[in-house]
Each structure stands twice: as structure tokens, then as C-alpha cells.
2 protein chains.
Amino acid sequence: MQNETKSDSPALILVRPQMGENIGASARAMANFNLMDLSLVAPRDGWPSESAKANAVGALDLINPVEVFNTTKDALKSYTTVYATTARPRDMRKKTFDMRATVKDITTRHQNGEKCAILFGGERAGLSNDDVSLAHHIITIPTNPDFSSINLGQSVLLFAYEWFQATHEGAPPTLPQNSAPPASHEIWDELMQRLESELKTHNFFRTPDMQPTMMRNIRNLFSRAQMSEQETKTMHGIISALIGKKINSQ
Amino acid sequence: MQNETKSDSPALILVRPQMGENIGASARAMANFNLMDLSLVAPRDGWPSESAKANAVGALDLINPVEVFNTTKDALKSYTTVYATTARPRDMRKKTFDMRATVKDITTRHQNGEKCAILFGGERAGLSNDDVSLAHHIITIPTNPDFSSINLGQSVLLFAYEWFQATHEGAPPTLPQNSAPPASHEIWDELMQRLESELKTHNFFRTPDMQPTMMRNIRNLFSRAQMSEQETKTMHGIISALIGKKINSQ
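Residues numbered from 1 in each chain as written. Chains lettered and ligands numbered in written order. Predicted model: local features only at pLDDT ≥ 70, side-chain atom pairs only at ≥ 80, totals over all residues. Heavy atoms only, no water.

1. Observations regarding empty space enclosed by the protein
Here's step 1: Applying the stated criterion across every chain, the model contains 6 cavities of 30 Å³ or more.
Here's step 2: The computed volume of the largest cavity comes to approximately 50 Å³.
Here's step 3: Contributing elements (two or more residues each) for the lining of the largest cavity: α10 (229-242) of chain A together with α10 (229-242) of chain B.
Here's step 4: The residue inventory of the lining of the largest cavity, partitioned by class, reads 10 nonpolar, no polar and no charged. (1 Å grid on protein atoms, 1.4 Å probe; cavity = no way out; pocket = protein on both sides within 12 Å on 5 of 7 lines; lining within 4 Å. Points joined across faces, edges and corners; volume = space filled by probe spheres on them. Helix = DSSP H or I, 4+ residues; strand = E, 2+ residues; numbered from the N terminus. Nonpolar A, V, L, I, M, F, W, Y, C, P; charged D, E, K, R; others polar.)

In C-alpha cells, the structure reads:
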């Protein structure tokens, strides 16, 4: 059963987690509910962690080896669709799912050969706006508005639980998707970096301190579009054309 | 909302809980998901508990005062239907529900004026067979059979989550969205026309007959992003910058 699930299950990425307890609890919830891939971005206390191991009560031996990255961007390289969990409103235009709808969306995407990842923020402040801007969609858990904070391990548990419920129920509804292969995060990110560099060259950013905010807005716009690989090529062609460079490929 | 939920929500009864952490986490999950009534049977470390209070991060002030009993029987006195949570098979003939089905069952019973309670066992050994024998039904959470143990606080969280999902169904997740006014089609179309004209000037379209198809693809990409009006201005700024024009507004 684990082999079958392995390739089909989304990756869970904990961004700047602080307490080993929560990493351990996350691994435990994943083993409970057949999720295999856990990544950490800049865990505060490093990795491996004794307290994570203690709290995982054996779960770390059941899931795939935990991968550790320095930045969220690095952790996302091979994924085509990324979801960011947040309880706080963000000033961004993105589609918002609850956990159950997220699982349905992921299942459909996996049937079309996509690879999905979910970002969970650290205990202190959750995901940064920069992290969220890298995601295509937002996940939020409906709660009592007067008491809405859910801790890291618990958010992971609720996702894992919904994952298992859905994948062990009747097959979820499937809609045929556009068959153009979606761009990996790496390919998309190259486009964003090139755009940023050309914009800088062409004095788009009036002052250097406006650059991060403006680039976040631009990344938001282009992540929302969920570009196909072909569309990133088209955008490269557009940039090349506009800056007056000879075009080799579109 | 709390008054309304008060009489309608089932009671959660923790039987011989050991760690204040788990009592606190339970209270927290209940406050997250609008459950009001928590009872304890023979808590190992007595009540009140400092560690429960610390882990509840304020939740104990939001739910009804915790009731404490010496025996499970005493705690159950006023309820008509009782569910016992267990991960272990018991040699008993009782109807078994998962969390989702339990919530449905409770909702129906409450409409008929019943009062329902759910028993959760302590950390070390779960509910005793004597405890389970007092319940009408069994609740079990479907899990990976090779790793099925779920801790007390997590079981309570999953029940509370399903409770809120069921009682707030239909309501889409509500995170306030970016309120940036979306671009009207006219404004968006002006952007597309300008982009097309600049691309033509810059020889983006290798042959004239490729132009309609390529522009359709480009329009697809930018329509999928559902741009705000501000974002169309940003894109105008990007085009101006890339073609080396002085930028007036972004």
C-alpha cells in the first residue's frame, strides 16, 4: 500500500518550523494517514532533531527520508501546483480552498500527472507573504472566528486526515484538465528571475526599496495564472521581443 | 453564535486523561470548532491543571466550565446516546462509525431532542472495556493499519473539526480577499491590444498568419490570471520599461 501511495501523495513542506515536537507530530500524522513526503525549510533547531524523533514515535521510519532545504523556493523546485496554508487574510488575489476541497483538487491534478506540494508555516508567524506569493492557491481551515489559531502539527493532521478520508472513499469527481504540461516551479522561477532582471535593467523599479514589493505583486499575478511550460516559453519570447532581442524560440 | 451552539453541541468526556497538555489541546480544538462542553473523569493530575491551562492558550475561558467526575457512569448521567472512541477492536457487538458519520448521527439525534456524549480514553491504554460497555456506539478513525495510534488531543481535534465542517457546510472558506477592484474587460482588452501592437512592432510574430493563434494563447494566459485594475497598470509599466519608454505610471 505504501508503494502505491508513494508517488501519488502530495509533499508537505514545513517552512521554518521551530519545535521538534511539531515536526514529530507532523510525521506521525503522515504515517497515520499514508502521506510519504515531508520537507523542511530552515528548521530552527537543525535536522535531525531528537525531539522530533521522540514525538514521531517511529513514524520517521515509515515515511520517506525527510528533505531539508535552505529556502522555500528550493523546496518547491519540482512541484507544479503549490498550496499555502494560512489563517490570516493576505492582501493577495488567490483561490481559497478548505482542506477537503484541497484534497479533491490535488487528487484530480495527480491523475493528470501533476506534482503538488503544501506549505505550512512555522509556529511563530506562519508563512511569510513571500512564501505565500510562491503558491498558486491558499488553504484555510474554517474555524470559530473568535478562536482561529491552529498549531502546526494540528494543521498537518487535519490535512493528512482529509487526505486519507478522500483516498479511501469512493473516487472523487474528476474533470478533464487542459493537457498542456504545467510548468515546474523551477522553470516558472527562471522566468520570474529573468523578468526581474530585465525590469531592473530597464529602470522599472523607481527606487531599489520598491523592488521586492513590486516583484511580489508580479509573482502573484503570474502564479495565479498557473502557467504551462509552453506559456513560460511564450513569456520569454514576449520579453525578448519587447527588449528588442532576436528571438530564437517561443 | 456560542449561545446557539451551546445546547446543540455534544459533550466530550476525557476518561482518565494523564497529561495536562492533552486536556489543554482538547479545549483548544473545542474552542476552534465551537464545541462547548468538556468533562473529565478522574484526571490523573487533578483539576484545575496548570499545564492544561497553558496549552489551552485561552480556550478554557471560551468553553463552558470543565466538569469533573469520579467515574464514567457519573459523567454520562444526563446523556441519551453515548459513543466510545477506540482504535483497538473490542469483542463487542456495537455499531461502528467513523468521525464523519458520527457527526451526522449526532446532528440527527439532536434534532430529535437527544443529548449526546463522546468518550475519549486516556493516553496509556485508551478506554477500558467497562467504559466501552457503557456506550451505545463505537467510533473509530480509519488509518494506515501499520500505524494506527492517534493521541488523545488529536482524536478530539479530528472530532471537533468534523463537527464544525458538518455544522458549517455549504459555507465556503472565508478569508477576506484582496479588495483590489478587478479590471473591467475594456481595461484588460486595452492592455492586450497594446501588448499585441508592441509585439508586432518588435517582430514577435514570425509570420503574420501566426499572430492570431499566438495572441489567443497570450490572452488565455492573462485572462486566467483574472487581473485587478492595478495589475493591468503594472503590466503596462512592464511593457513600457521593456521597450525602453519613460514610465509615467505603474
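Now that the structure has been shown, the text picks up again.
2. Here we look at the confidence of the model for chain A
Residues and elements named next belong to chain A.
Here's step 1: Of all residues in chain A, 91% have pLDDT values of 70 or greater, and the mean over the chain is 87.
Here's step 2: Confidence drops under pLDDT 50 across residues 1-7; counting only partners more than four residues distant or on other chains, this segment forms 11 contacts.
Here's step 3: Counting contacts from residues 170-177, a segment whose pLDDT is below 50, to residues more than four positions away or on other chains yields 10 contacts.
Here's step 4: Model confidence for the complex is summarised by a pTM of 0.81, with the ipTM given as 0.78. (pLDDT = per-residue confidence, 0-100. Contact = heavy atoms within 4.5 Å.)

3. A word on the pairing of strand β1 (residues 11-15) of chain A
Residue and element names in this part refer to chain A.
Here's step 1: For β1, the tally of buried residues reaches 5 of 5 residues, placing the bulk of the element in the interior.
Here's step 2: Burial of the side chains of β1 extends over both faces: Ala11, Ile13 and Val15 are buried on one face and Leu12 and Leu14 on the other.
Here's step 3: Both β1 and strand β2 (residues 37-41) contribute to a ladder of 5 bridges, which runs parallel. In the sheet register, leucine 12 faces β2, and the bridge partner there is leucine 38.
Here's step 4: Regarding the hand of the β-α-β motif, the stretch spanning β1, helix α2 (residues 20-32) and β2 is right-handed. (Buried < 20%, exposed > 50% of the residue type's maximum accessible area, 1.4 Å probe, protein only. Pairing = 2+ DSSP bridges. Right-handed = clockwise from strand over helix to strand, strands pointing away.)

4. A look at the interface of chain A and chain B
Here's step 1: Across the contact, 78 residues belong to chain A and 72 residues belong to chain B.
Here's step 2: Interface area, chain A with chain B, both sides summed: about 6,200 Å², of which 59% is carbon and sulfur.
Here's step 3: Linking Glu162(B) and Arg100(A) is a salt bridge whose minimum nitrogen-to-oxygen distance equals 2.9 Å.
Here's step 4: Scanning the region where chain A abuts chain B turns up 17 residue pairs in polar contact (both at pLDDT 80 or more).
Here's step 5: Every element with two or more residues in the side of chain A that touches chain B is listed here: α2, β5 (95-97), α5 (99-111), α7 (152-167), α8 (185-201), α9 (211-224) and α10 of chain A.
Here's step 6: Examining the composition of the side of chain A that touches chain B, we find that 8 residues originate from one element, α10(A), more than from any other.
Here's step 7: Its residues assigned to classes, the side of chain A that touches chain B comprises 38 nonpolar, 25 polar and 15 charged. (Buried area = accessible area lost by both parts, 1.4 Å probe. Salt bridge = Lys/Arg side-chain N within 4 Å of Asp/Glu carboxyl O. Polar contact = N/O pair within 3.5 Å; in protein donor to acceptor, adjacent residues only side chain to side chain.)

5. As for the side chain of Thr108(A)
Residue and element names in this part refer to chain A.
Here's step 1: Looking at where threonine 108 falls in the secondary structure, it is placed in helix α5.
Here's step 2: Look at threonine 108 and you get buried, because its relative accessible area is 11%.
Here's step 3: At 3.0 Å, the side chain of threonine 108 forms a polar contact with the backbone oxygen of lysine 104.

6. Here we look at the sheet that holds strand β3 (residues 67-69) of chain B
All names here are of chain B.
Here's step 1: On the basis of which strands lie adjacent, the open sheet formed by 7 strands has the order β3-β2-β1-β6-β4-β7-β5 and parallel pairing. Edge strands, defined here as strands with exactly one partner in the open sheet, are β3 and β5 (95-97). Averaged over all adjacent pairs, the angle separating strand axes in this sheet is 25 degrees, with direction ignored.
Here's step 2: Sheet strands touched by helix α5 (residues 99-111): β4 (81-85), β5, β6 (116-121) and β7 (137-139). Its angle to β4, the strand with the most contacts, is close to 170 degrees.
Here's step 3: In the packing of helix α7 (residues 152-167) onto the sheet, the strands contacted are β1 (11-15) and β6, and the crossing angle to β6 comes to about 155 degrees. (Axes fitted to C-alpha atoms, helices over the stretch in contact; angles between N-to-C directions.)

7. Some points on the packing of α10(A) against helix α8 (residues 185-201) of chain B
Between two packed helices, the angle of one axis relative to the other and the distance separating the axes together describe the packing.
Here's step 1: Packing of α10(A) against α8(B) leaves a shortest axis separation of 9 Å and a crossing angle of 65 degrees. Handedness of the crossing formed by α10(A) with α8(B): left-handed. Between α10(A) and α8(B), the residues in contact are Ile238(A), Ala241(A) and Leu242(A) and Leu195(B), Glu198(B) and Leu199(B), respectively.
Here's step 2: For the contact of α10(A) with α8(B), the residue count by class is 5 nonpolar, no polar and 1 charged. (Left-handed = near helix turned anticlockwise from the far one by under 90°.)

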